[in-house]
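Read off the chains here:
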Amino acid sequence: MCSDISGIKHVSLGGAKFWVLLIDEFTKVKWSKFLKNKSELAMKVLPLMKEINNKNTISYVRCDNAGENKTLEKQCKEAGMNICFEYTAPNTPQQNGVCESGFLTMWNMVCACNNSAGFDQETRNLLWAECANTVTKIDNLVRNKYEKYYGKPAKYSKKLRNFGEVAIVANRNKIQEKLKNKGI
(Lines give C-alpha, C1' and ligand atoms only; values in the text may rest on other atoms or scores of the structure.)
Protein backbone atom coordinates (compact mmCIF):
# COMPACT_ATOMS: atom_id res chain seq x y z
CA MET A 1 0.00 0.00 0.00
CA CYS A 2 1.33 3.43 -0.93
CA SER A 3 0.08 6.59 0.74
CA ASP A 4 0.59 10.30 0.20
CA ILE A 5 -1.10 13.61 0.99
CA SER A 6 -1.69 16.49 -1.40
CA GLY A 7 -2.72 19.90 -0.15
CA ILE A 8 -4.64 22.67 -1.87
CA LYS A 9 -5.10 26.28 -0.82
CA HIS A 10 -8.87 26.20 -1.39
CA VAL A 11 -11.22 24.75 1.21
CA SER A 12 -13.81 22.37 -0.25
CA LEU A 13 -17.52 22.55 0.47
CA GLY A 14 -17.00 19.93 3.20
CA GLY A 15 -14.09 21.88 4.72
CA ALA A 16 -11.25 19.72 3.32
CA LYS A 17 -7.84 21.15 2.47
CA PHE A 18 -5.93 17.87 2.08
CA TRP A 19 -6.40 14.83 -0.14
CA VAL A 20 -5.03 11.48 1.05
CA LEU A 21 -4.49 8.96 -1.72
CA LEU A 22 -3.96 5.28 -0.89
CA ILE A 23 -3.00 2.92 -3.70
CA ASP A 24 -2.76 -0.86 -3.61
CA GLU A 25 0.58 -1.42 -5.32
CA PHE A 26 -0.42 -4.75 -6.89
CA THR A 27 -3.87 -3.96 -8.35
CA LYS A 28 -3.46 -0.13 -8.49
CA VAL A 29 -6.90 0.28 -6.83
CA LYS A 30 -7.14 3.75 -5.29
CA TRP A 31 -8.92 5.11 -2.23
CA SER A 32 -9.33 8.80 -1.44
CA LYS A 33 -9.95 10.47 1.89
CA PHE A 34 -10.23 14.19 2.54
CA LEU A 35 -8.95 16.00 5.62
CA LYS A 36 -9.42 19.43 7.17
CA ASN A 37 -6.06 19.04 8.95
CA LYS A 38 -3.22 16.58 8.46
CA SER A 39 -3.66 15.54 12.10
CA GLU A 40 -6.92 13.79 11.07
CA LEU A 41 -5.00 11.24 8.97
CA ALA A 42 -5.05 8.36 11.47
CA MET A 43 -8.71 8.92 12.38
CA LYS A 44 -9.86 8.89 8.73
CA VAL A 45 -7.50 6.29 7.26
CA LEU A 46 -7.28 3.68 10.04
CA PRO A 47 -10.89 2.39 9.58
CA LEU A 48 -10.27 2.07 5.83
CA MET A 49 -7.00 0.23 6.41
CA LYS A 50 -8.76 -2.18 8.79
CA GLU A 51 -11.41 -2.85 6.15
CA ILE A 52 -8.80 -3.42 3.45
CA ASN A 53 -6.69 -5.57 5.77
CA ASN A 54 -9.69 -7.83 6.47
CA LYS A 55 -10.09 -8.51 2.73
CA ASN A 56 -6.46 -8.52 1.60
CA THR A 57 -3.63 -8.37 4.07
CA ILE A 58 -1.61 -5.16 4.01
CA SER A 59 2.01 -6.09 4.61
CA TYR A 60 3.69 -2.74 3.96
CA VAL A 61 2.69 0.90 3.80
CA ARG A 62 5.07 3.20 1.91
CA CYS A 63 4.82 6.88 2.84
CA ASP A 64 6.95 9.88 3.77
CA ASN A 65 8.19 10.27 7.35
CA ALA A 66 5.86 13.10 8.33
CA GLY A 67 4.47 13.20 11.86
CA GLU A 68 0.94 12.26 10.83
CA ASN A 69 2.23 9.04 9.23
CA LYS A 70 4.13 8.14 12.39
CA THR A 71 0.89 8.62 14.36
CA LEU A 72 -0.89 6.33 11.88
CA GLU A 73 1.81 3.69 12.35
CA LYS A 74 1.45 3.91 16.13
CA GLN A 75 -2.33 3.52 15.95
CA CYS A 76 -2.03 0.57 13.54
CA LYS A 77 0.21 -1.19 16.07
CA GLU A 78 -2.22 -0.37 18.89
CA ALA A 79 -5.04 -1.86 16.78
CA GLY A 80 -3.05 -5.09 16.41
CA MET A 81 -2.38 -4.67 12.71
CA ASN A 82 0.92 -6.23 11.71
CA ILE A 83 1.91 -3.66 9.08
CA CYS A 84 5.47 -2.59 8.35
CA PHE A 85 5.77 1.12 7.51
CA GLU A 86 8.44 2.02 4.96
CA TYR A 87 9.40 5.69 5.08
CA THR A 88 10.85 7.43 2.05
CA ALA A 89 13.91 9.64 2.31
CA PRO A 90 13.34 13.42 2.28
CA ASN A 91 13.18 15.08 -1.16
CA THR A 92 12.89 11.76 -3.03
CA PRO A 93 9.37 11.60 -4.48
CA GLN A 94 10.51 8.83 -6.84
CA GLN A 95 10.64 6.44 -3.84
CA ASN A 96 6.85 6.69 -3.62
CA GLY A 97 6.36 7.03 -7.36
CA VAL A 98 3.10 5.06 -7.38
CA CYS A 99 1.37 7.78 -5.34
CA GLU A 100 3.21 10.66 -6.97
CA SER A 101 2.17 9.59 -10.48
CA GLY A 102 -1.28 8.67 -9.14
CA PHE A 103 -1.78 12.20 -7.85
CA LEU A 104 -0.59 13.69 -11.14
CA THR A 105 -3.09 11.60 -13.08
CA MET A 106 -5.92 12.23 -10.63
CA TRP A 107 -5.42 16.02 -10.50
CA ASN A 108 -5.45 16.07 -14.33
CA MET A 109 -8.71 14.09 -14.27
CA VAL A 110 -10.18 16.60 -11.78
CA CYS A 111 -9.25 19.47 -14.13
CA ALA A 112 -10.74 17.65 -17.12
CA CYS A 113 -14.01 17.00 -15.27
CA ASN A 114 -14.26 20.63 -14.19
CA ASN A 115 -13.58 21.79 -17.76
CA SER A 116 -16.19 19.40 -19.13
CA ALA A 117 -18.74 20.59 -16.57
CA GLY A 118 -17.99 24.22 -17.46
CA PHE A 119 -17.57 25.23 -13.81
CA ASP A 120 -16.28 28.68 -12.98
CA GLN A 121 -13.25 29.01 -10.67
CA GLU A 122 -15.31 29.53 -7.51
CA THR A 123 -17.32 26.35 -8.13
CA ARG A 124 -14.14 24.40 -8.91
CA ASN A 125 -12.63 25.57 -5.62
CA LEU A 126 -15.69 24.43 -3.66
CA LEU A 127 -16.20 21.07 -5.40
CA TRP A 128 -12.60 19.87 -5.83
CA ALA A 129 -12.92 17.15 -3.16
CA GLU A 130 -16.20 15.79 -4.56
CA CYS A 131 -14.69 15.77 -8.03
CA ALA A 132 -11.55 14.02 -6.73
CA ASN A 133 -13.70 11.40 -5.01
CA THR A 134 -15.63 10.85 -8.25
CA VAL A 135 -12.52 10.48 -10.41
CA THR A 136 -11.06 8.00 -7.89
CA LYS A 137 -14.08 5.75 -8.37
CA ILE A 138 -14.07 6.22 -12.14
CA ASP A 139 -10.34 5.46 -12.35
CA ASN A 140 -10.91 2.18 -10.52
CA LEU A 141 -13.76 1.26 -12.88
CA VAL A 142 -12.31 2.18 -16.25
CA ARG A 143 -9.09 0.34 -15.71
CA ASN A 144 -10.91 -2.82 -14.49
CA LYS A 145 -9.09 -2.59 -11.17
CA TYR A 146 -12.29 -2.87 -9.14
CA GLU A 147 -13.13 -6.31 -10.48
CA LYS A 148 -9.51 -7.46 -10.11
CA TYR A 149 -9.44 -6.35 -6.47
CA TYR A 150 -12.96 -7.27 -5.31
CA GLY A 151 -13.53 -10.26 -7.62
CA LYS A 152 -16.83 -8.92 -8.96
CA PRO A 153 -17.93 -6.05 -11.19
CA ALA A 154 -18.98 -2.80 -9.50
CA LYS A 155 -22.74 -2.60 -9.12
CA TYR A 156 -22.83 1.08 -10.06
CA SER A 157 -20.63 0.86 -13.18
CA LYS A 158 -23.62 0.94 -15.55
CA LYS A 159 -25.06 4.04 -13.86
CA LEU A 160 -22.15 6.41 -14.48
CA ARG A 161 -22.97 10.03 -15.26
CA ASN A 162 -20.73 12.91 -16.29
CA PHE A 163 -19.40 14.95 -13.38
CA GLY A 164 -21.30 18.24 -13.26
CA GLU A 165 -24.09 16.93 -15.49
CA VAL A 166 -27.35 18.83 -15.18
CA ALA A 167 -30.23 16.79 -13.78
CA ILE A 168 -33.94 17.42 -13.42
CA VAL A 169 -35.34 16.75 -9.98
CA ALA A 170 -39.05 15.92 -10.15
CA ASN A 171 -41.52 17.75 -7.94
CA ARG A 172 -44.23 15.19 -7.21
CA ASN A 173 -45.69 16.77 -4.10
CA LYS A 174 -48.69 18.40 -5.76
CA ILE A 175 -50.81 18.31 -8.88
CA GLN A 176 -49.52 20.74 -11.48
CA GLU A 177 -50.77 22.17 -14.75
CA LYS A 178 -50.06 20.07 -17.83
CA LEU A 179 -47.80 22.62 -19.54
CA LYS A 180 -45.91 23.65 -16.39
CA ASN A 181 -42.42 22.21 -15.71
CA LYS A 182 -42.69 19.20 -13.39
CA GLY A 183 -39.23 19.58 -11.90
CA ILE A 184 -36.28 21.84 -11.34
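Residues numbered from 1 in each chain as written. Predicted model: local features only at pLDDT ≥ 70, side-chain atom pairs only at ≥ 80, totals over all residues. Heavy atoms only, no water.

A. Spotlight on the nonpolar core. Trp31, Met49, Val61, Leu72, Cys76, Ile83 and Phe85 are the most contacted members of the largest nonpolar core, which totals 24 residues. Looking at this core, the elements that each hand over two or more residues are β2 (18-23), β3 (30-35), α1 (41-55), β4 (60-63) and α2 (67-78). Residues in contact with Trp31, not counting those within four places in the same chain, are Met1, Val20, Leu21, Leu22, Asp24, Leu48, Ile52, Thr136, Tyr149 and Tyr150. In terms of nonpolar packing, the next biggest core, distinct from the first, is built from 20 residues, Ile23, Phe34, Phe119 and Phe163 among them. (Core = buried A, V, L, I, M, F, W, Y, C linked by side-chain atoms within 4.5 Å. Buried < 20%, exposed > 50% of the residue type's maximum accessible area, 1.4 Å probe, protein only. Helix = DSSP H or I, 4+ residues; strand = E, 2+ residues; numbered from the N terminus. Contact = heavy atoms within 4.5 Å.)

B. Looking closely at unusual backbone geometry. Its identity is not glycine, yet Lys28 carries a phi of approximately 70 degrees, on the positive side. Within the fold, Lys28 resides in the loop between β2 and β3. Of the residues examined, Lys28 reaches a relative accessible area of 36% and is grouped as partly exposed. The phi torsion at Asn91 lies on the positive side, around 60 degrees, for a residue other than glycine. With respect to the element layout, Asn91 can be found in the loop between β5 (84-87) and α3 (97-117). Taking relative accessible area as the criterion, Asn91 reaches 79% and is therefore assigned exposed.

C. Molecular detail of the pattern of salt bridges. This structure, assessed with the given rule, holds four salt bridges. A salt bridge links Lys30 to Asp139, with the nearest nitrogen and oxygen atoms 2.8 Å apart. Linking Lys30 in strand β3 with Asp139 in helix α4 (residues 121-142), this pair joins segments that are 109 residues apart in sequence. When sorted by exposure, Lys30 lands in the same class as Asp139, which is buried. Between Lys77 and Glu73 there is a salt bridge; the shortest N-O distance is 3.6 Å. Residue Lys77 and its partner Glu73 are both found in helix α2; the two are separated by four residues, about one turn of the helix. One salt-bridge network, held together by shared partners, links Glu25, Arg62 and Glu86. (Salt bridge = Lys/Arg side-chain N within 4 Å of Asp/Glu carboxyl O.)

D. Spatial organisation of the packing of aromatic side chains. This model, assessed by the stated rule, comprises six aromatic pairs. Within the aromatic cluster, the residues linked to one another by ring pairs are Trp19, Phe34, Phe103, Trp107 and Trp128. For Lys70, the ring lying beneath its charged end belongs to Tyr87, and the centroid distance is 4.8 Å. (Phe/Tyr/Trp six-rings, centres within 6.5 Å; stacked < 30°, edge-to-face > 60°. Lys NZ or Arg CZ within 6 Å of the ring centre and 35° of its normal.)

E. Spatial organisation of the environment of Thr92. Structurally, Thr92 can be placed in the loop between β5 and α3. Its relative accessible area of 19% is what places Thr92 among the buried residues.

F. Molecular detail of the environment of Leu104. By the element assignment, Leu104 lies in helix α3. When the C-alpha atoms of Leu104 and Gln94 are compared, they prove to be 13 Å apart, with 10 residues separating the residues in sequence.

G. Fine view of the pairing of β4. What you see with β4 is a clean split: Val61 and Cys63 sit on the buried side and Tyr60 and Arg62 on the side with no burial. Inspection of the sheet shows β4 paired to β5 by four bridges, in the parallel sense. Following the sheet pairing, Cys63 is matched in β5 by Tyr87. For the crossover from β4 across α2 to β5, the handedness is right-handed. (Pairing = 2+ DSSP bridges. Right-handed = clockwise from strand over helix to strand, strands pointing away.)

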